[in-house]
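Examination of the molecular architecture
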Amino acid sequence: MNDNKKPLVLVDGSSYLFRAFHALPPLTTTRGQQTGAVKGVINMIRALIKEYSDSCIAVVFDAKGKTFRDDIYPEYKANRPPMPTELSSQIEPILALIRAMGLPLLIVDDVEADDVIGTLAQQAWEQKIPTLISTGDKDMAQLVNDHVTLLNTMSNERLDREGVIAKFGIPPERIVEYLALMGDSVDNIPGVPGVGPKTAVKWLQEYGSLANLIAQAETIKGKAGENLRANLKELALSERLATIKLDVALDFGPGDLKHTNADKSTLLALYKTLEFKAWVKELESEGIQEAGGVEAATNGAPQLAPAPEAEPAAPVDVRYDIVNTSEALQALALTLAKCKQLAVVVETDGAHYKLAHIIGISLCHEAGRAAYIPIAHDMLGAEAQLPLQTVLDALKPALEAQAVFKVGHDLKHASHVLLNHGIRLRGRRYDVMLQSYVLNSVAHKHTLERLCKEHLELDLPLLDELLGKGRNKLAFAQLEIARAGAWSASCADYLFRLQRILTQRLKETGQLAEVYRYFEIPLVPVLTRIEENGIRIDVDVLGKHSQELAKRLQELEREAFTMAGEEFNLGSPAQLQKILYEKLGCPVLGKTATGQPSTAESVLQELAETYPLPRVIVEHRGLSKLKSTYTDKLPLEIHPETKRIHSNFQQAVAATGRLSSTEPNLQNIPIRNEEGRRIRQAFIPDSGKLLMSADYSQVELRIMAHLSRDKGLVTAFAEGLDVHRATAAEIFGCSLEAVSSDQRRSAKAINFGLIYGMSAFGLAKQLAIGRAEAQEYVERYFERYPGVREYMENTRTQANELGYVETLFGRRLYLPDIRASNQNLRKAAERTAINAPMQGTAADIIKQAMIAIDQWLKVADLDAKMVLQVHDELVFEVAEKDLTLLKDGVRYRMASAAALAVPLVVDIGQGYNWDQAH
């Protein structure tokens, strides 16, 4: 690009509209207006204005209605789903803001934004004006030349001519041909079936051009050659559809694009309406006053409804009280007796929920009004504090009132701590941690500090900032009451305000309000009961196992020393690197971020197929982890009074909706090897009782059958066939009876591998067969089960178009890397897109089953309780006399938790330990 002239900056508004909507977390105003895409697009434009303050910046959007490409090819973009209302409702606010910013806004009928940009870039090139095209669309690479550069503002990627060659493997003048060969499932451009980026680039590099490729089509071998020859007529159409017009008849040229002064009064009005608080403050600090209306800025478009009177982010009259007298406590109790909603914060010493001591309690029943009740601060000179029981007696009516809706962050933890002191927290309605998690499970950790910053634009100090670090770190009880109270009361206040915003945003985003209401919040009391129930373990069994593991670890260590010819620390990556790669000469199969040969588990497992020492290291690592995590540690987790283990089942961790288990983690105990099963043997019931395990059979495959509606898969499950044997019979072309164990094993690997996005390469590795043979298996599978292939292709398209996928019940999983320029990230996101609806639906189904079973157990006359949840399995402790009734009730409720196109099957077992039951 010629840097002597200021560049013309052309913004592909349509590209950024979709990318901002799908890549960024959803935002909603208090009145329900979606604003996530608005903020994303305007943020990008503001960044460009700041960087290119002396340049002309014009923003181009697609016009409504059909274009000339629809006339050429009526099926053009026919596969695209209609624009979701959450996105379409944000277009007018974006256009209004751009006009108010004084930027040229270009929307030309009958052509796409690409064509307007292409024509202006061509005219600018002819006038030797350097041009910068801000876009996220790969198709624009065809416009790059010595005067035109692409900038992806969202990823900060710049592409000049050399950049295009480096990224695509071909120069800009071949991009149209590259696009024509591949086609585009989103835009419904035909292309050549089966030709992806690698093949397209390979052909263009080898033959030099599409014309030469077509001329020599007869020489190209294999299936790709057949497809090319069969689709030669469509190639010309594909090339025409992919070509950006450079000669659109425009009423303006580059020289006519001028900035006008920003209408800051109108901008202020729009920012307030859209609740962009930071930008409002920015303009108000300049002394800007709000305009009388926003009609001029919207240019006759439908008006944005004015925001209702909303609570300010930081009310001017904030009042946080310290309650440390009987009179103040009684006054607070009288106030709480009349409230309808109450935010609750229980400050503890940080111990496990069954052992935690209460240091203080904060409550908020009105925004800006909160009270902190200190109870167990023990620093020198501490003020008088009320006794714990006195406080709990006064608060108990409000805390246990079902009609008083509770607000909190991790209400389950607060429930446990209060239950330790005889208080049953009822009316749990608004858990902002879970609301944030349902809204976007992959955006960030759902800490209160992050939520305050994102949704209230308020900085809540981290607790560590108050307590300090290192040797001088204080316990919460050692904080001055005034400091602790101010911080804790602000937490309660901010919780009260957050729930209103998050509740509204859930209502306005798909079915997420229903996911929160029917799955997540009802599960809180269920998990509370499971955790309170806990489970017994046999310490003697674990102790014996631990001794045997220690002996085996010593044997493995000696074997490793012998193989290495010297003693070394098996847990030291640096020493292991030296032994494996320098001394033994093992091939380097991977490197660390710093460029050192990798000793990661996956690398060692691959080396173990050929070399004995890595095999020993892998076994040593696995057994060492079992010993330290389970056989040694589990006895230390036993509660001193209940004599049981009480794990913590976390709802807001796994992106797909699955529960995770911590303190201790009971969900990662291996089940497929003898050592893992021996650990499960240590989990036992009370005397006179049994453990019963209820496990969904092949639930994710059944969900795949339902989602894909593939006739073959649905039939196999509906008829109660062994689906792996049925798949093997289809793939290998034999009868069910003739399927060998190896064939069934291969079919099982394919069935499960494909729903986890496994490639033919991965399948070949797992089955220890050639890649060509594995590819043949995959192709045969899709020939027999075409519905599965169609589902996968449609899911990839939907994920790319929307930026997220959904479970059967509407839970969303956003995919921020689905359009990443890094191919590995993008492919991983595509694999996630295929699997997440199944894994997420499975998580939703078992949650629904747990809720139903819990309700039943509360009223059934059974000596039984739920004690564990592990992915698709529920574990119960039951008196032997009630085993049959429990089996029938659990099977019925698990099997009826969802209505699928195939039956949900539940396998149930029982025994005197968990291994026997499973």
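Look above for the structure.
How each quantity is defined
- Residues numbered from 1 in each chain as written.
- Predicted model: local features only at pLDDT ≥ 70, side-chain atom pairs only at ≥ 80, totals over all residues.
- Heavy atoms only, no water.
- Phe/Tyr/Trp six-rings, centres within 6.5 Å; stacked < 30°, edge-to-face > 60°.
- Helix = DSSP H or I, 4+ residues; strand = E, 2+ residues; numbered from the N terminus.
- Buried < 20%, exposed > 50% of the residue type's maximum accessible area, 1.4 Å probe, protein only.
- Lys NZ or Arg CZ within 6 Å of the ring centre and 35° of its normal.
- Core = buried A, V, L, I, M, F, W, Y, C linked by side-chain atoms within 4.5 Å.
- Contact = heavy atoms within 4.5 Å.
- Axes fitted to C-alpha atoms, helices over the stretch in contact; angles between N-to-C directions.
- Parallel < 35°, antiparallel > 145°, perpendicular 65-115°, else oblique.
- Nonpolar A, V, L, I, M, F, W, Y, C, P; charged D, E, K, R; others polar.

Bringing the packing of aromatic side chains into the picture now. In this structure the tally under the stated criterion is 13 aromatic pairs. Relative to Tyr777, the ring of Phe732 has its centre 5.2 Å away and its plane inclined at 85°; by these criteria the two rings are edge-to-face. One end of the pair, Phe732, is in helix H31 (residues 723–732); the other, Tyr777, is in helix H34 (residues 771–784), with 45 residues separating them in the sequence. Judged by relative accessible area, Tyr777 falls into the buried class, the value being 9%. Put simply, the rings of Tyr271, Phe276 and Trp279 pair up and form one aromatic cluster. One cation-aromatic arrangement involves Arg812 over Tyr804; the distance from NZ or CZ to the ring centre is 4.0 Å.

For the rest of this paragraph, the subject is the nonpolar core. Grouped together as the largest cluster of nonpolar side chains are 106 residues, with contacts concentrated most on Tyr696, Met850, Phe876 and Leu886. Here this core gets eleven residues from one element, more than from any other, and that element is helix H36 (residues 823–859). Contacts of Leu886, omitting those with residues within four sequence positions, involve Met692, Trp856, Leu857, Leu862, Ala864, Phe876 and Val878. Phe168, Ile175, Met182 and Val195 belong to the second largest nonpolar core, which has 51 residues in total.

For the rest of this paragraph, the subject is the packing of helix H25 (residues 573–583) against helix H27 (residues 612–631). The N-to-C vectors of H25 and H27 enclose an angle of 155°; their axes lie 11 Å apart at closest approach. Classified by the interaxial angle, the pair formed by H25 and H27 is roughly antiparallel. Contacts between H25 and H27 involve Leu576, Ile579 and Leu580 from the first element and Leu613, Pro614, Ile617 and Arg621 from the second. Across the contact of H25 with H27, the residue classes tally to six nonpolar, no polar and one charged.

Turning next to unusual backbone geometry. Leave glycine aside and you will find that most residues have negative phi; peptide bonds, for their part, are mostly trans. With an omega of -5°, the peptide bond between Glu663 and Pro664 qualifies as cis. For Pro664, the location among the structural elements is in the loop between strand S15 (660–662) and helix H28 (674–680). One non-glycine residue, Lys128, lies in the positive phi region at around 60°. Following the sequence through the fold, Lys128 ends up in the loop between helix H6 (113–126) and strand S4 (131–134). Given a relative accessible area of 43%, Lys128 falls into the partly exposed group. Of note in this structure, Glu663 is not a glycine but carries a positive phi near 50°. Structurally, Glu663 can be placed in the loop between S15 and H28. Residue class for Glu663 comes out partly exposed when judged on its relative accessible area of 43%.

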